[in-house]
Amino acid sequence: MTSALKPVPEAGLKPNDLEAHFMPYTPQRSFKKKPRMLTGAKGMYYYSDDGRELLDASAGLWCVNAGHNHPKIIEAIRKQAGVLDYAPNFAFAHPLAFQAASRLVAEMPGDIDHVFFSNSGSESVDTAVKIALGYWRMKGKPAKTKIIARERAYHGVNICGTTLGGIPANRKVFAGAMMPNVDWITHTHNIEKNAYSKGQPAWGAELATDLESVIQLHDAENVAAVIVEPVAGSTGVLVPPVGYLEKLREICDKYGVLLIFDEVITGWGRLGKATAAERFNVLPDMITSAKGINSGTVPMGATFCRKGIYDAFMQGGEFGVEFLHGYTYSGHPLACAAAIATQEVYKEEGMFENAQKMEKVWEDALHSIKGAPHVIDVRNIGLMGAVEIDPGTTRKPPEEMSRAWEIFDKLYWEHDVVCRFTGNVIAMSPPLIVNESQIGQITDKLRKAISSVK
Ligand SMILES: Cc1ncc(COP(=O)(O)O)c(C=O)c1O
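Only a predicted model underlies this, so the values are computations on that prediction, with no experimental measurement involved. (Residues numbered from 1 in each chain as written. Predicted model: local features only at pLDDT ≥ 70, side-chain atom pairs only at ≥ 80, totals over all residues. Heavy atoms only, no water.)

Engineer: So what exactly am I meant to see when it comes to the site of the ligand here?
Structural biologist: Residues in contact with the ligand, as listed here, are Ser120, Gly121, Ser122, Tyr154, His155, Gly156, Glu229, Ser234, Asp262, Val264, Ile265 and Lys291. At 2.8 Å from an oxygen atom of the ligand is found a main-chain nitrogen or oxygen belonging to Gly121. Protein burial of the ligand: of its 390 Å² of free accessible surface, 84% is covered by the chains. Looking at side-chain class alone, the shell around the ligand contains three nonpolar, six polar and three charged residues. (Near = heavy atom within 4 Å. Polar contact = N/O pair within 3.5 Å; in protein donor to acceptor, adjacent residues only side chain to side chain. Areas by Shrake-Rupley, 256 points an atom, 1.4 Å probe, with all protein chains shown as cover. Nonpolar A, V, L, I, M, F, W, Y, C, P; charged D, E, K, R; others polar.)

Here it is in structure tokens:
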């Protein structure tokens, strides 16, 4: 690595200084013994406290779509911090919130033309659910309160998202605090039928009919909305079968149920377009968003909705608050400045086009891993990819590392690659600026790491 880029870890940062941080989603006792400490970043690379340059195969947490520390985005944030650090958006406003809203809705498909700002994907999901409930009340159908989600979904960590997410391990500790009035449809992942699919699997559209059964079970008069990730990301890149999302839309239309796409991962170029809705040509009623909205630079969430939904709230006296919801930092000036600059960067530098161009290269490189030891599936779409690992029967996690965990660990320490693993899946989502040679490096190193575990 070039020494000019080498970040200087703060003086005195020693392992026993790591105690106070109660870490998110991390086995922190083992982490604190041997921390993977990232101290700088640029473009496709992270820099670690031990002076290494690491290829970022996961865009941080699926969010740094424009690549790290993009000068234009950094400059926009710096400039805004010196002009207006904070202004409330409750009964006041600042211009950038409106500019960001107009700029972002311009990228949305169909008549999705309004956006509500929050600070995270989790909050964008909570907001979508509250909009759905409020919408039906405004429409004179207050019984429509049931929310339908899907197994193997991740919708964040608030009580709402934890409830909706179909991940048993994430829910069981909090079972007593779950949101009522939720049901789930079956997930679409099926290795027997669809292993090694490139892009959308051919089999499985009929699984969408489960939605019809669940709506009938509860009676459409009681059902407000269904929420799905168009491609489930955090549970291992589960790509929707051909025709599946279209069928969900048809069923929602038939029964008068709102369709929410959780696009916290799939938005902003991850699938080569601004939204998965555009990529799959299926128009939902709401889209939840975060992460790539400003390339992960400042916390920001956004819930987009169709015109009819916004309009339904605009009734009653003009001095009544139409939607009793909002966060102190909704539409924060720094987040808005970052979002506007990020959208400009995406356009000026053709990043979505690069994602389209690289999709086939990514697919071919990833699928070349088929046949490596322990690999039981490879799947991909856009710049998302997953390699599923047979966990075997001899390891005993959490007392020992699982195979996928060890591969992830070796990638970091021995191959200078940052990626994600979730369950038995190595999941990857490089920044949209990735090139052919970097894709080759990621997949070669992944193959080596996989081949070196027992
Ligand atoms: C589809 C989806 N929804 C919601 C979230 C939650 O986002 P956040 O972690 O910003 O709250 C995530 C995070 O990975 C996600 O992938």
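Here the narrative resumes.
Engineer: What is the right way to look at the sheet that holds strand 14 (residues 420-422) in this model?
Structural biologist: Strand pairing in a sheet relies on backbone hydrogen bonds, with the paired strands running either antiparallel or parallel. The strand order across the open sheet built from four strands is 11-12-15-14, with neighbouring strands paired in antiparallel fashion. Bordering the open sheet on either side are strand 11 (375-381) and strand 14, each of which pairs with just one other strand. Along the sheet, successive strands turn relative to each other by an average axial angle of 20°, direction set aside. Bridge count for strand 11 against strand 12 (residues 384-389) is six bridges, and the pairing is antiparallel. What sits directly across from Asp377, in strand 12, is Glu388. Lying on the sheet, helix 14 (residues 351-367) is in contact with strand 11, strand 12 and strand 15 (425-428); it crosses strand 11 at an angle near 180°. (Pairing = 2+ DSSP bridges. Helix = DSSP H or I, 4+ residues; strand = E, 2+ residues; numbered from the N terminus. Axes fitted to C-alpha atoms, helices over the stretch in contact; angles between N-to-C directions. Contact = heavy atoms within 4.5 Å.)

Engineer: Would you take a moment to explain empty space enclosed by the protein for this structure?
Structural biologist: If you roll a probe as big as a water molecule over the atoms, it shows you where there is empty space left. Across all of its chains, the model carries one cavity of 30 Å³ or more by this definition. Each pocket or cavity is described by its volume, and for the largest cavity that value is around 110 Å³. Looking at the largest cavity, it is lined by 14 residues, and the ones nearest its centre are His189, Asn194, Pro201, Val239 and Arg379. Every element with two or more residues in the lining of the largest cavity is listed here: helix 8 (191-194) and strand 11. Of the residues that constitute the lining of the largest cavity, the class distribution is six nonpolar, six polar and two charged. (1 Å grid on protein atoms, 1.4 Å probe; cavity = no way out; pocket = protein on both sides within 12 Å on 5 of 7 lines; lining within 4 Å. Points joined across faces, edges and corners; volume = space filled by probe spheres on them.)

Engineer: Sorry, what's going on with the domain arrangement of the chain here?
Structural biologist: Reports often express the size of an interface as the amount of accessible area lost when the parts come together. Taken as a whole, the chain is organised into domain 1 (28-70 + 350-451) and domain 2 (74-348). The C-alpha centroid of domain 2 is placed 26 Å from the C-alpha centroid of domain 1. Taken together, the 40 residues of domain 1 in the interface contact 38 residues of domain 2. The largest per-residue losses of area from domain 1 upon contact with domain 2 belong to Trp62, Phe352 and Ile381, which jointly make up 23% of the total buried on that side. If you look at where domain 1 meets domain 2, you find one salt bridge. The closest approach of N and O atoms between Glu359 and Arg279, which form a salt bridge, is 2.8 Å. At the surface where domain 1 touches domain 2, the tally comes to 23 residue pairs in polar contact (both at pLDDT 80 or more). Of all the secondary-structure elements, those providing two or more residues to the side of domain 1 that touches domain 2 are helix 2 (59-62), helix 14, strand 11, strand 12 and strand 15. (Domains from an automatic or database assignment. Buried area = accessible area lost by both parts, 1.4 Å probe. Salt bridge = Lys/Arg side-chain N within 4 Å of Asp/Glu carboxyl O.)

Engineer: Just to check I follow, could you spell out the environment of Leu238 for this structure?
Structural biologist: With respect to the helices, strands and loops of the structure, Leu238 is situated in the loop between strand 7 (223-228) and helix 10 (244-255). Leu238 gets classed as buried once you look at its relative accessible area, which sits at 4%. The spacing of Leu238 and Leu104 is 134 residues in sequence and 26 Å in space, taken between C-alpha atoms. Contact partners of Leu238, with chain neighbours within four places excluded, come to Arg152, His189, Pro230, Val231, Ala232 and Arg379. (Buried < 20%, exposed > 50% of the residue type's maximum accessible area, 1.4 Å probe, protein only.)

Engineer: In this structure, what is going on with the packing of helix 15 (residues 403-415) against helix 16 (residues 436-451)? I would like to understand it.
Structural biologist: Axes are the key here: two packed helices are described by the angle between their axes and the distance separating the axes. It is the contact of helix 15 with helix 16, at a shortest axis distance of 9 Å, that shows an interaxial angle of 120°. On the basis of the axis angle, helix 15 is oblique to helix 16. Along this stretch, helix 15 crosses helix 16, giving a crossing that reads as right-handed. Residues Ile407, Lys410, Leu411 and His415 of helix 15 form the contact with helix 16, whose own contacting residues are Lys445, Leu446, Lys448, Ala449 and Ile450. (Parallel < 35°, antiparallel > 145°, perpendicular 65-115°, else oblique. Left-handed = near helix turned anticlockwise from the far one by under 90°.)

Engineer: I would appreciate a short explanation of the nonpolar core in the present structure.
Structural biologist: As a rule of thumb, nonpolar side chains are buried together in soluble globular proteins. One finds Phe304, Val387, Ile426 and Met428 to be the most contacted residues of the largest nonpolar core, which totals 101 residues. Ranked by residue count, the leading element in this core is helix 13 (residues 333-348), at 10 residues. Residues from two domains meet in this core; each of domain 1 (28-70 + 350-451) and domain 2 (74-348) gives at least three. Counting 24 residues, the second-largest nonpolar core is a separate cluster that includes Tyr135, Trp136, Leu164 and Ala224. (Core = buried A, V, L, I, M, F, W, Y, C linked by side-chain atoms within 4.5 Å.)

Engineer: Before we go on, may I ask you to explain the layout of surface pockets in this structure?
Structural biologist: Volume-wise, the second largest pocket comes out at about 950 Å³. Around the second largest pocket, the lining comprises 31 residues; the ones closest to its centre are Asn89, Val115, Phe116, Tyr310 and Phe323. Of all the secondary structure elements, the ones that give two or more residues to the lining of the second largest pocket are helix 4 (95-105), strand 4 (112-118) and helix 12 (307-313). With five residues, the single largest contributor to the lining of the second largest pocket is strand 4. Tallied by class, the residues present in the lining of the second largest pocket amount to 21 nonpolar, seven polar and three charged.

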